Amino acid sequence: MECTDKTDIHKAFDGERLPPGQRETTAFPVLSKGDVPSWTPTTEFRAWGALDRDRSWTLSEFRSLPHETQCQDFHCVTGWSRLDCRFTGVPFTTLAERLSIDDDVVSVTFHALDGYTTALPLSECMRDDVLFAWALDGEPLSGPHGGPLRVLTPHKYAYKGAKWVSGIAFRTEHERGYWERRGYSDSANPWAEERYA
Ligand SMILES: Nc1nc2c(c(=O)[nH]1)N[C@H]1C(S)=C(S)[C@@H](COP(=O)(O)O)O[C@H]1N2
Ligand SMILES: [Mo]
């Protein structure tokens, strides 16, 4: 399968491929704050906030947006990294091109069906490797790993990537997410070992 390689992004962070304090695993552990929520047939992915108008996509509409398969590394703040994950999905930048984002937007909050939230500055979202993905290694993303739709943020610890993502809010002020309010770093750069606030 054709795969755009994003496994060299560590160079831009002056770091090794395996960030400090991480160990490589070939397993893919599941880390969720609670049970796997269900995506019902009426659930839509929504974009709202400081936009010219709110937008929504059904899952099939979302999957018909321009998408690609990327090779990405995945770094969990608890110390494991899974290298060479092949995720298929829509880049944040592709979605952003279809929105009219107000000039005063500074931050995006990602909302998930389990009540989880996480947020990133808009500038840290505007990367083609920030992916809304529905497949891993050629298979549909499993429920425990965030299927049918999750976010990947390979430039951050993985808690910045919301599983079961149901929407994104464009905000004129940054707000902290679920783990960020509970002591985890808001900047979450793996190569600077920004684990805790
Ligand atoms: N909606 C939601 N997204 C989430 C979480 C969660 O509990 N709920 N956990 C985060 C954390 S802490 C990590 S490390 C990764 C884990 O992804 P995985 O279970 O696919 O390994 O998802 C992140 N995204
Ligand atoms: Mo995590």
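For the structure itself, look to the data block above.
This one's a predicted model, so the numbers in the text were calculated from it and none came from an experiment.

*Asks:* Help me understand the overall build of the protein in this model?
*Replies:* The number of helices and strands found in the protein is 3 helices and 12 strands. For 197 residues, the compact-globule estimate of 2.2 N^0.38 gives 16 Å, and the protein sits close to it at 16 Å. Considered along the principal axes of its C-alpha atoms, the protein spans approximately 45 × 35 × 30 Å. Taken over 197 residues, the protein has a buried fraction of 53%. In the protein, of all internal contacts separated by at least 6 residues, the share reaching a separation of at least 24 is 70%. Total accessible area on the protein is roughly 9,000 Å²; 46% of this is exposed by carbon and sulfur atoms.

*Asks:* For this particular structure, what's the right way to read the site of ligand 1?
*Replies:* Close to ligand 1 lie 22 residues; P29, D114, H145, R150 and K163 are nearest. Here D114 contributes a side-chain N or O atom positioned 2.7 Å from a nitrogen atom of ligand 1. Within the side chain of K163, an N or O atom sits 2.5 Å from an oxygen atom of ligand 1. Within the complex, the protein chains bury 97% of what would otherwise be the 530 Å² of accessible surface of ligand 1. Along the lines of polarity and charge, the residues of the shell around ligand 1 split into 15 nonpolar, 3 polar and 4 charged.

*Asks:* What am I meant to see in the packing of aromatic side chains here?
*Replies:* The way to describe two aromatic rings as a pair is by their centre distance and the angle between their planes. Scanning the model with the defined rule gives 19 aromatic pairs in all. Ring centres 5.0 Å apart and planes at 15 degrees place the aromatic pair F13 and W191 in the stacked group. With F13 in the loop between β1 (4-5) and β2 (23-24) and W191 in the segment after β12 (165-171), the pair connects residues that are 178 residues apart, well separated along the chain. Classification of F13 by relative accessible area gives partly exposed; the value is 24%. A residue is classified by how much of its surface remains accessible, and W191, at 12% relative accessible area, is buried. Judged by centre distance (5.8 Å) and plane angle (75 degrees), the ring pair of F62 and F132 falls under edge-to-face. Here F62, found in helix α1 (residues 59-63), pairs with F132, found in strand β9 (residues 131-136); they are 70 residues apart in sequence, far enough to count as distant. Given the relative accessible area of 0%, F62 is considered buried. Residue F132 is classed as buried on the basis of its relative accessible area of 0%. Site record: aromatic cluster; members linked through ring pairs are F45, W57, F62, F92, F110, F132 and F170. Between R46 and the ring centre of W48, over which it is positioned, the NZ or CZ distance is 4.6 Å.

Cut-off values and rules
- Residues numbered from 1 in each chain as written.
- Chains lettered and ligands numbered in written order.
- Predicted model: local features only at pLDDT ≥ 70, side-chain atom pairs only at ≥ 80, totals over all residues.
- Heavy atoms only, no water.
- Helix = DSSP H or I, 4+ residues; strand = E, 2+ residues; numbered from the N terminus.
- Rg over C-alpha atoms; globule rule 2.2 N^0.38 Å.
- Buried < 20%, exposed > 50% of the residue type's maximum accessible area, 1.4 Å probe, protein only.
- Contact = heavy atoms within 4.5 Å.
- Areas by Shrake-Rupley, 256 points an atom, 1.4 Å probe, with all protein chains shown as cover.
- Near = heavy atom within 4 Å.
- Polar contact = N/O pair within 3.5 Å; in protein donor to acceptor, adjacent residues only side chain to side chain.
- Nonpolar A, V, L, I, M, F, W, Y, C, P; charged D, E, K, R; others polar.
- Phe/Tyr/Trp six-rings, centres within 6.5 Å; stacked < 30°, edge-to-face > 60°.
- Lys NZ or Arg CZ within 6 Å of the ring centre and 35° of its normal.

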